[in-house]
Amino acid sequence: MGRRVLPCPCRACNGEEAEMDTYVYVDVLMVLNYAVTMLLILCCSRLSGRMPRRSRVILGSLAGAASSLVIFLPYMGFILSTLIKLAVSSLIVAVVYAPLRRGAFLMQLFLFFTVNFLFAGVMVALWFAFAPQGMLCFNGAVYFDISPVVLIGCTGAAYLVLTVANRIFRGSRLPASVFEVKIFLNKKNTRVTGLLDTGNSLYEPFSATPVMICWVGDLVEILPPQVVDSVLSGEYLTGKDLPLSLRLIPYEGLGQAGLIPAFRPDRLELSRSGHCHRVERVYIGLSPKKVGTSDYNAILNPDLASVPI
């Protein structure tokens, strides 16, 4: 338990600054802000269509919980507290969503900071309007003096609501997540049907270029036969000389990890509802096994459709 005497710079009494005695329990402060940060990350992820790994969400939430300790610092004012909040938001976005190219990072940061700022605004408005006992908004941090049992119960209820909403929302958006993809390579082209999968967080590690996944058999119209045979047989691991440069990209998912061969096409064209979006910065990972279902045969990285179409 920590005891703080915090000046309230926004409330005056006869022109003099009033003071409030506030007990801040560090364990409640950390757990509360951990839960709030996690909900903000999940909300931001759902809005942006990028669903990070659970471990990254946990690390980002821990960073948010640690940042709540600014509540123990002297009053910093709106500008300084906003700059600190922006720096913390940048750290959380980097931890949760990296690697992202600069434009995508700035858009994700803007979205997360906006969601964070709106939440803080609601809390400040609630504090000024009703001044609930045991609630404190200070230096951009929020504190509620509630029991751990109530806190755990509210967190569990919020998680349940988000889970149900996520399933409903995901089911309603699935049809809109399917694109017709035209792949161009060496004056040839072929078409596949791609699913925009928020679980596909695969990037080429050196350039942070997003990767889409296709079965190599669906690209026989544009790939040299030697490349198709090499991928199906796994001989690309031996350094065999091929007419098309392949790059091995590490992946991890569904309890498996390994390397997937990938090449860089001339460009992609993503089409849906009569609109077309051109992509030139992309790698195509070649799977030796069939991908998808009868509705789609390629898996798209969310960054490939970051421009609405």
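Residues numbered from 1 in each chain as written. Predicted model: local features only at pLDDT ≥ 70, side-chain atom pairs only at ≥ 80, totals over all residues. Heavy atoms only, no water.

## Points about a nonpolar patch on the surface
And then number 1: A cluster of nonpolar residues, Phe78, Ile79, Leu80, Leu83, Leu86 and Phe117, forms a patch on the protein surface that exposes about 620 Å² of accessible area.
And then number 2: With five residues, helix H3 (residues 77–97) is the largest single contributor of residues to the nonpolar patch.
And then number 3: Residue placement: leucine 83 occurs in helix H3. (Patch = residues over 30% accessible without salt bridge, like charges linked within 9 Å, V, L, I, M, F, W, Y side chains within 5 Å. Areas by Shrake-Rupley, 256 points an atom, 1.4 Å probe, with all protein chains shown as cover. Salt bridge = Lys/Arg side-chain N within 4 Å of Asp/Glu carboxyl O. Helix = DSSP H or I, 4+ residues; strand = E, 2+ residues; numbered from the N terminus.)

## Focus on the nonpolar core
And then number 1: With 26 residues, the main nonpolar core has Met212, Leu219 and Leu223 as its most contacted residues.
And then number 2: Among the elements of the structure, strand E5 (178–185), strand E6 (188–196), strand E8 (209–215), helix H6 (225–233), strand E11 (267–272), strand E13 (283–287) and strand E14 (298–300) are those that each provide at least two residues to this core.
And then number 3: Looking at which element gives the most residues to this core, the answer is E5, with four residues.
And then number 4: Among all residues touching leucine 223, those that are not within four sequence positions of it are Leu185, Val216, Val228, Leu244, Phe263 and Leu286.
And then number 5: Counting 19 residues, the second-largest nonpolar core is a separate cluster that includes Leu32, Val36, Cys44 and Val93. (Core = buried A, V, L, I, M, F, W, Y, C linked by side-chain atoms within 4.5 Å. Buried < 20%, exposed > 50% of the residue type's maximum accessible area, 1.4 Å probe, protein only. Contact = heavy atoms within 4.5 Å.)

## As for the pattern of salt bridges
Pairing is possible between side chains that carry opposite charge, provided their charged atoms lie close to one another.
And then number 1: Overall, the coordinates contain three salt bridges when judged by the stated rule.
And then number 2: Residue glutamate 204 is joined to arginine 247 by a salt bridge in which the shortest nitrogen-to-oxygen separation is 3.3 Å. Linking glutamate 204 in strand E7 (residues 203–204) with arginine 247 in strand E9 (residues 247–253), this pair joins segments that are 43 residues apart in sequence.
And then number 3: Of the residues examined, glutamate 204 reaches a relative accessible area of 0% and is grouped as buried.
And then number 4: According to the relative accessible area criterion, arginine 247 is partly exposed, its value standing at 36%.
And then number 5: Residues glutamate 269 and arginine 267 are paired through a salt bridge, measuring 3.6 Å at the closest nitrogen-oxygen approach.

## Focus: the confidence of the model for the protein chain
And then number 1: Averaged over all residues, the pLDDT of the protein chain equals 75, while 68% of them reach at least 70.
And then number 2: Within the protein chain, the lowest mean pLDDT, 42, falls on strand E1 (residues 2–13), and the highest, 93, falls on E13.
And then number 3: Under a pLDDT of 50 for its full length, residues 1–20 has, in the predicted model, 41 contacts with residues more than four places off or in other chains.
And then number 4: Predicted confidence is poor over residues 169–176, with pLDDT under 50, and the contacts of this stretch with residues over four places away or in other chains come to seven contacts. (pLDDT = per-residue confidence, 0-100.)

## Some remarks on the packing of aromatic side chains
And then number 1: Under the counting rule described, the total for this entry stands at zero aromatic pairs.
And then number 2: For the cation-ring pair, arginine 267 lies above phenylalanine 184, with the distance from its terminal atom to the ring centre recorded as 3.7 Å. (Phe/Tyr/Trp six-rings, centres within 6.5 Å; stacked < 30°, edge-to-face > 60°. Lys NZ or Arg CZ within 6 Å of the ring centre and 35° of its normal.)

## Things to note about helix H2 (residues 54–67)
Since one α-helical turn is 3.6 residues long, residues separated by three or four positions face the same way.
And then number 1: Its 14 residues give H2 an end-to-end C-alpha distance of 20 Å, which sits within 8% of 20 Å, the value for a rise of 1.5 Å per residue.
And then number 2: Along H2, the positions that sit buried rather than exposed are Val57, Gly60, Ser61, Ala63, Gly64 and Ala65. (Expected span 1.5 Å × (residues − 1).)

## Here we look at the packing of H2 against H3
And then number 1: Look at H2 against H3: their axes get within 8 Å of each other, and the N-to-C directions meet at 165°. By the angle between their directions, the pair H2 and H3 is classed as roughly antiparallel. For H2 against H3, the interelement crossing comes out right-handed. Contacts from Arg56, Leu59, Gly60, Ala63, Gly64 and Ser67 in H2 reach Val88, Leu91, Ile92, Ala94, Val95, Val96 and Tyr97 in H3.
And then number 2: Its residues assigned to classes, the contact of H2 with H3 shows nine nonpolar, three polar and one charged. (Axes fitted to C-alpha atoms, helices over the stretch in contact; angles between N-to-C directions. Parallel < 35°, antiparallel > 145°, perpendicular 65-115°, else oblique. Left-handed = near helix turned anticlockwise from the far one by under 90°. Nonpolar A, V, L, I, M, F, W, Y, C, P; charged D, E, K, R; others polar.)

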